[in-house]
Each structure stands twice: as C-alpha cells, then as structure tokens.
Amino acid sequence: MPAAFPLDRQLSYGELLDRLSRHAKRLSAIQAMRLPQPGAAGYILAKDNIGTDEFPTTAGSFALRALKVPDADCIGQLKRAGYDVFGKTTMSELAGFVTTNPLSQGYSELGGRGINPHGDFPCGGSSSGSAIAVAAGLCDAALGTETRGSLMEPGLKCGVRAFKPTRGLISCSRVVPLSHSFDTVGIIARSTALIARLFSCVMDSRDSAQEPPAFPGTASQPPRIALIRDESLADSGATAAARALRELARRGQIILTEVAVPPLVHDYRIISSLDIAHDMTEFLGRYGNSGMPSTFSDLVRCYRDRPASHPYGMDRLEDALAMPRMADDVLQDLVRRNVSAARALIAETLEKSGTQFLASPTFLDWWAIAGAPSITVPLGHEADGRPSGFMLGGAAGTDWDLLSASLLIEELVQDRVPVF
C-alpha cells in the first residue's frame, strides 16, 4: 500500500509534486493536468464532467473528447478564494451511464480503469479518479458529482471523506448532466475541516438560507446515531466500521442504536433515462463544437459506430433512448413522489430510532434520491487491508450538523488503534 497517503497529514508543496510524479500515471486518477502553482490556498482536482477553462471536459467519453466548457460556478468560486484547480480526474464514462454492467474500477475509454491506492480492491465509480487522487496524496481535495452513489461508493472504497450536500446547495451549472432531478456536485478531501472550508466557498450564493455557521459547532451531548442494518445485506453489521461505531458507543462518545430497514423502492432508472435525453441535448446544444454530437440521439449513434470501444456494452444508453417519453408535468410529479418517499423514510427512521443521523457501512441510495446530505467516514481497514468506513446521513438541510458530527468522529478515532 505504498501509494496511500495518511489522511491526518497535510501535503506540503514538495510532497505534492513528488507524489504526482511518482503515482499519478500509475493510478489512472488524473485525466489532464498542469503543474500546480506554489503558494495557493490549496490544490484541487475536478472530476472530468465539471467545466474548467483550462482543460477539456470529456466526461470520459471519446465522443466528447474535444468538448470545452467554461469554468463551472464551483470552479470559479474556488479560484476566487485562492485555490489552484490544476487538473481533471478520470471517471466512469458518462458518469456510469453507458452500461448497467457493474464497473467497480471506474472504467472509461479515455481514462482506463482506476487503481485503488490501498491495494487490489475496487475503487468504485463514477467519481473514482477524484477519490483515488485524494487517497493517494495527489491533491488536497477533489470535486466530484453524484447522481446515485458516485461520491459515496468511491469514498467508501478508497477510504476517504466524500461529502454530498443537500441537492441545490452547490450549483450544477456547466457540469455535464446525467439527471437534473438527482445530480449533485460534492467534495472529496482528506479531512472534514477542509471539506467544510471548501463547502463554504462553493455554496450557491443565491441560497441565503444556508449561510455557513461558525465551524466546527460545539456539541453539548454525544451525537445520536442509528446504524442501519440493510435486510438485503446479511453482513452489513459485521464490518470493521460497524465494530468501531459500537466501540465508540461503549466508551460513551456516541449514542448508538441499530435498526433494520427494507430497501428504498424508487423510479430512478425511469427518471434518469428521461432526464439525460433532455438534459444532454440541451447541454450539447449550448456547449458542443462542430464535429461533435449535438443531441443525445447523436451521442448514442457515436457509440453505436464504435462498438469495440465499449467492451462492457452500452445497454444503459440504448435503454434511455428507447424509454417512452412522459409529459413534463407527469415526470415532475413522479420526481416529487420519489423525493418525498425517500425523505419520509429518512425522517421516519430518525424519529423511530430517536437519533440525529443514520449510518450505513454499505452504500444506501436514500440520500441520493432524497437530495439530502451524506458523507463517508473512513474508520480503518478490514483484515484483508481494504478500507472500512460508513456513510453518515441526515435530513435535507442539516449539512453543517452532519459535518460537525463527522468532524467529531474523526477526532475521536484519530489514534486508530484500540477501536479496530
């Protein structure tokens, strides 16, 4: 595991350059970069579906290899705050929307397969390059996106902190879309405190209801957490992270309840398929260049013309193209019902368990569908060396409370010895 970098240490500029030169190419984490500039407030990489003036925004797709998109709102905000956005990370092609085959290594034609710095383990997708880069010490933090698990999965698998805020708090302007109903920009970093600083920078200024509070908040009592036992995953409570949470509870540092829940039933496939057909056509019409596909249908045809370039198939694209259209008001109602059901499930589980937050040692899509905040919290490793951690989630709008709880747990397990 020589490529992993300790999360409790800050990179120096010299260490950053050294790690970039030794590890960046081998780990397949960076799609394009220039040398970082000395003296910046911090060194940031951006997922390759987030617009940047300096680099193409390919979304990992050969068909979009020449796409130039101006700085996304979040990129401009980071630059104005003194951060150096010096490159783009690899990602699952089209944010995982090419095939339904599970691509645990974050495959794309342009970026290949990502390599988990901790060993021969899956790295997740679609923000795989961003999570790998943070875990390997190739940057201080990286931006990613999530539609359904694209931040949480690589955060858990690469052992880093990945934060998905309440949907809408970070603008998705000039980000290659998958589904405007579910897309969210998020942050992957080596510490919760850095996530909080970056979140303060990139929050959409038009949302005045979520002004950053003084951080970290002072907790008068231990946080109350419910550990979710997914009925479809028999071993979900047997991970090192679950054992660590129980140990923190035994010490009285958190209050822990365990609850079993059924899977969330939703219409993500239908909604995202209808969204991408509309959203990608609109996006390509605005930012596309001559010689590139100008509609979602054109994009699918580009893939059909090069079958050898997508070895895992393209059934997800074909499925979306064939999906029967819905009237806008009918689709909007379907989205509202899905979001409401997911938010209700979160609220009911919190109320039933008498807790503030919900934890899961495996990925759950409740927060992706609900548009509510979640964060991955790394807690050591399993016996075989793979990272162990859990998702921590709250109700919509509780972003800062969630970050405060994550920071507290981070501080409690800093020694990382007796808990595991």
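Residues numbered from 1 in each chain as written. Predicted model: local features only at pLDDT ≥ 70, side-chain atom pairs only at ≥ 80, totals over all residues. Heavy atoms only, no water.

Caption draft 1: Representation of the packing of aromatic side chains. If you walk through the whole model with that rule in mind, you get seven aromatic pairs. An angle of 75 degrees between the planes, with centres 5.1 Å apart, marks the rings of Phe 163 and Phe 199 as edge-to-face. Highlighted residues: Phe 163 in strand β5 (residues 161-164) and Phe 199 in helix α5 (residues 192-202), separated in sequence by 36 residues. When sorted by exposure, Phe 163 lands in the same class as Phe 199, which is buried. Their ring planes at 40 degrees and their centres at 5.5 Å tell us that Phe 182 and Tyr 268 sit as a pair that is tilted. Note that Phe 182 is positioned in the loop between β5 and β6 (184-189) and Tyr 268 in helix α7 (residues 268-287), a separation of 86 residues in sequence. Residue classification places Phe 182 among the buried residues on the basis of a relative accessible area of 1%. (Phe/Tyr/Trp six-rings, centres within 6.5 Å; stacked < 30°, edge-to-face > 60°. Helix = DSSP H or I, 4+ residues; strand = E, 2+ residues; numbered from the N terminus. Buried < 20%, exposed > 50% of the residue type's maximum accessible area, 1.4 Å probe, protein only.)

Caption draft 2: Layout of the pattern of salt bridges. One pass over the full model with this rule turns up 21 salt bridges. Measuring nitrogen to oxygen at the nearest pair gives 3.3 Å for the salt bridge that ties Glu 247 to Arg 251. Within this structure, Arg 34, Glu 54 and Asp 84 form a network of salt bridges that share partners. (Salt bridge = Lys/Arg side-chain N within 4 Å of Asp/Glu carboxyl O.)

Caption draft 3: Representation of helix α6 (residues 240-250) in the model. Where α6 is concerned, the buried positions are Ala 240, Ala 241, Ala 242, Ala 244, Leu 245, Glu 247 and Leu 248. Positioned one or two residues after α6, Gly 252 has a phi angle of 85 degrees, which is positive.

Caption draft 4: View of helix α2 (residues 73-80). Within α2 the residues assigned to the buried category are Cys 74, Ile 75, Gly 76, Gln 77 and Leu 78. Gly 82 lies just past α2 and shows a positive phi near 95 degrees.

Caption draft 5: Broad picture of the confidence of the model for the protein chain. On average, the protein chain scores 91 in pLDDT, and the residues at 70 or more come to 91%. Counted against residues more than four places away or in other chains, residues 415-420, with its pLDDT under 50, gives 13 contacts. (pLDDT = per-residue confidence, 0-100. Contact = heavy atoms within 4.5 Å.)

Caption draft 6: Quick look at the environment of Ser 273. Tracing the backbone through its elements, the reader meets Ser 273 in helix α7. Measuring from C-alpha to C-alpha, the distance between Ser 273 and Leu 27 comes to 31 Å, with 246 residues separating the pair along the chain. Those residues within four positions of Ser 273 in sequence are excluded, and the remaining contacts are Phe 97, Arg 316, Asp 319, Ala 320 and Met 323. A distance of 2.7 Å separates a polar side-chain atom of Ser 273 from the backbone oxygen of Arg 269. One polar contact links Ser 273 to Arg 316, side chain to side chain, over a distance of 2.9 Å. (Polar contact = N/O pair within 3.5 Å; in protein donor to acceptor, adjacent residues only side chain to side chain.)

Caption draft 7: How the structure looks around the nonpolar core. Formed by 82 residues in total, the largest nonpolar core has its most connected members in Leu 94, Phe 296, Leu 317, Trp 366 and Trp 367. For this core, the element with the highest residue contribution is α7, accounting for nine residues. Those residues within four positions of Trp 366 in sequence are excluded, and the remaining contacts are Ile 228, Val 261, Pro 262, Leu 264, Ala 342, Leu 345, Ile 346, Thr 349 and Leu 358. One finds Val 185, Ala 241, Leu 248 and Leu 402 within the second-largest nonpolar core, a separate group that totals 47 residues. (Core = buried A, V, L, I, M, F, W, Y, C linked by side-chain atoms within 4.5 Å.)

Caption draft 8: Structural view of the pairing of strand β4 (residues 141-146). Counting buried residues along β4, six of its six residues qualify, which places the element largely inside the surrounding structure. Judged by which residues are buried, β4 turns out to be covered on both faces: Ala 141, Leu 143 and Thr 145 on one side and Ala 142, Gly 144 and Glu 146 on the other are all buried. In terms of strand pairing, strand β2 (residues 43-47) meets β4 through three bridges, oriented parallel. Residue pairing in the sheet places Leu 45 in a bridge with Ala 142 of β4. The pairing of β4 with β6 spans six bridges and is classified as antiparallel. In the strand pairing of β6, Glu 146 is matched with Thr 184. (Pairing = 2+ DSSP bridges.)

Caption draft 9: Seen up close, the side chain of Lys 88. Looking at where Lys 88 falls in the secondary structure, it is placed in strand β3 (residues 84-89). Polar contacts involving the side chain of Lys 88 include one to the main-chain carbonyl oxygen of Ile 50, which spans 2.9 Å. Within the local environment of Lys 88, its side chain forms a polar contact with the side chain of Thr 57, the two groups lying 3.1 Å apart.

Caption draft 10: Inspection of the side chain of Arg 316 at higher detail. Looking at the secondary structure, you find Arg 316 in helix α9 (residues 315-322). Every residue in contact with Arg 316, bar those within four places of it in the chain, is listed here: Phe 97, Val 98, Thr 99, Thr 100, Tyr 268, Arg 269, Ser 272 and Ser 273.

Caption draft 11: Region of interest: the pairing of strand β9 (residues 357-360). The alternating pattern of β9 places Phe 357 and Ala 359 and Leu 358 and Ser 360 on opposite faces, both of which are buried. Here three bridges tie β9 to strand β11 (residues 387-393), and the two strands are oriented antiparallel to one another. Looking across to β11, one finds that Ser 360 is bridged to Met 391.

Caption draft 12: Focus on the packing of α5 against helix α12 (residues 399-412). The contact between α5 and α12 brings their axes to 9 Å, and the two run at 160 degrees. Here α5 is positioned roughly antiparallel relative to α12, judged by the angle of their axes. Helix-helix and strand crossings are classified by hand; for α5 and α12 the assignment is left-handed. Note on element contacts: α12 touches α5 through Asp 399, Trp 400, Leu 403, Ser 406, Leu 407 and Glu 410, opposite Thr 192, Ala 193, Ile 195, Ala 196, Phe 199 and Ser 200. Tallied by class, residues from the contact of α5 with α12 come to seven nonpolar, three polar and two charged. (Axes fitted to C-alpha atoms, helices over the stretch in contact; angles between N-to-C directions. Parallel < 35°, antiparallel > 145°, perpendicular 65-115°, else oblique. Left-handed = near helix turned anticlockwise from the far one by under 90°. Nonpolar A, V, L, I, M, F, W, Y, C, P; charged D, E, K, R; others polar.)

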